[in-house]
Amino acid sequence: MAGERTAPQAGWRTETPPDAAWRPDPAASRAERSAEQDLAAGGRERRLVPLPSGKAAAASIYLRLPPKQRRVYAYLRWSSQGRTTERYVCEVTAGTRSENLAQGWRAAIEQGVGADASASWASSDAVRNVMRANKSRDTDPELALRRAVHALGLRYRVNRRPDPSIRRTADLVFAGPKVAVFLDGCYWHGCPEHYRPASKNAEFWSQKIDGNRARDVETDRLLQAAGWTVVRVWEHEDPRVAADRIAEVVLRGAMPLPSPGV
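Remember, predicted model here, so these are calculated numbers, not experimental data. (Residues numbered from 1 in each chain as written. Predicted model: local features only at pLDDT ≥ 70, side-chain atom pairs only at ≥ 80, totals over all residues. Heavy atoms only, no water.)

Undergrad: What is the right way to read the overall build of the chain from this model?
TA: Along the backbone of the chain there are seven helices and nine strands. Put simply, the chain has 262 residues, and 45% of those count as buried. Once local pairs closer than 6 in sequence are excluded, the contacts in the chain between residues at least 24 apart make up 55%. (Helix = DSSP H or I, 4+ residues; strand = E, 2+ residues; numbered from the N terminus. Buried < 20%, exposed > 50% of the residue type's maximum accessible area, 1.4 Å probe, protein only. Contact = heavy atoms within 4.5 Å.)

What follows is the structure, given as structure tokens:
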């Protein structure tokens, strides 16, 4: 979904979004604005962008309503050595600033916070290649898995929240049997077979991957508590084998089988 612009609310096609949807409180202190970003991102550690020096900067989501337009856009901003870097993230569509900041952070985190700037701050060729290749929607493994599942006669929804009240987006959603499928990238989710820790900025990347793993566990717990069965597939798995495993869960209502290497 990197760079993809989501559809705005219908009302925004005919009227300008209210200031409350994007404009910051002019009376807010620097500490209050930082706390606002921490809350929207889900924690300060999720705001960190690695710098060439090996340190990390806390990024922020900046909301912008261009003149004479009716759509609000989110940009990721961070500073290093007095220079500010800005990258477009997505279009946001909520009626409040807090929810739009959260939308922007979700999109930025899914894209791999600062991924578009990878050429300037990635610490090695291996990490740089991973960052450049990273996108969160319609990847080759996703398309292959969809085709394999579709070939088995199963129908599903793509990139949806299984439960609207839980801020988690699954790659495949089977609403009737309440099965949510997540296709996890080997690097970003710490595949036990293929993940290799970065040799530079090791502490930062280790925390990043550990955070993703913890989020995966939390996602499974939240969805299971809401009555959903979660199936996780590694991107290295044969899509046909993974599709058979998904079909077994969907058609028989069985508990998900562990993926290879787990």
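Undergrad: Is there a simple way to explain the nonpolar core in this structure?
TA: With 23 residues, the main nonpolar core has I61, L63, L76, W78, V89 and W105 as its most contacted residues. Mapped by element, the contributors of at least two residues to this core are helix 1 (30-41), strand 3 (60-64), strand 4 (72-80), strand 5 (83-92) and helix 2 (97-111). No other element matches helix 2, which puts five residues into this core. Counting residues in hydrophobic clusters, the runner-up holds 17 residues, among them L154, L183, I246 and V249. (Core = buried A, V, L, I, M, F, W, Y, C linked by side-chain atoms within 4.5 Å.)

Undergrad: What's the story with the packing of helix 1 against helix 2 in this structure? I'm lost.
TA: Any two packed helices are characterised by the angle at which their axes cross and by the distance between the axes. Interaxial distance between helix 1 and helix 2 falls to 8 Å at its minimum, and their mutual angle equals 60°. Comparing their axes, helix 2 and helix 1 come out oblique. The two elements helix 1 and helix 2 meet at a crossing, and its hand is right-handed. Across the interface between the two elements, E36, Q37, A40 and A41 of helix 1 pack against R97, L101, A102, W105 and I109 of helix 2. Of the residues belonging to the contact of helix 1 with helix 2, the class tally is six nonpolar, one polar and two charged. (Axes fitted to C-alpha atoms, helices over the stretch in contact; angles between N-to-C directions. Parallel < 35°, antiparallel > 145°, perpendicular 65-115°, else oblique. Left-handed = near helix turned anticlockwise from the far one by under 90°. Nonpolar A, V, L, I, M, F, W, Y, C, P; charged D, E, K, R; others polar.)

Undergrad: What should I look at first to understand the sheet that holds strand 3 in this one?
TA: Pairing between sheet strands relies on hydrogen bonds along the backbone, with the strands arranged either parallel or antiparallel. Taken in spatial order, the three strands of this open sheet run 3-4-5, and their pairing is antiparallel. At either margin of the open sheet sits one strand with a lone partner, and together these are strand 3 and strand 5. Shown here is a sheet whose adjacent strand axes are inclined to one another by a mean of 30°, direction ignored. Inspection of the sheet shows strand 4 paired to strand 5 by nine bridges, in the antiparallel sense. Each residue of the ladder has a partner; that of S79, found in strand 5, is T84. Set on the sheet, helix 2 makes contact with strand 3, strand 4 and strand 5; between it and strand 5 the angle comes to about 105°. (Pairing = 2+ DSSP bridges.)

Undergrad: Sorry, what's going on with the packing of helix 5 (residues 140-151) against helix 7 (residues 239-252) here?
TA: The geometry of helix 5 relative to helix 7 is characterised by a closest axis approach of 8 Å and an angle of 55° between their N-to-C directions. With respect to their mutual orientation, helix 5 and helix 7 come out oblique. Handedness of the crossing formed by helix 5 with helix 7: right-handed. Counting all contacts with helix 5, which are made through A144, L145, A148 and V149, the residues of helix 7 involved are P239, R240, A242, A243 and I246.

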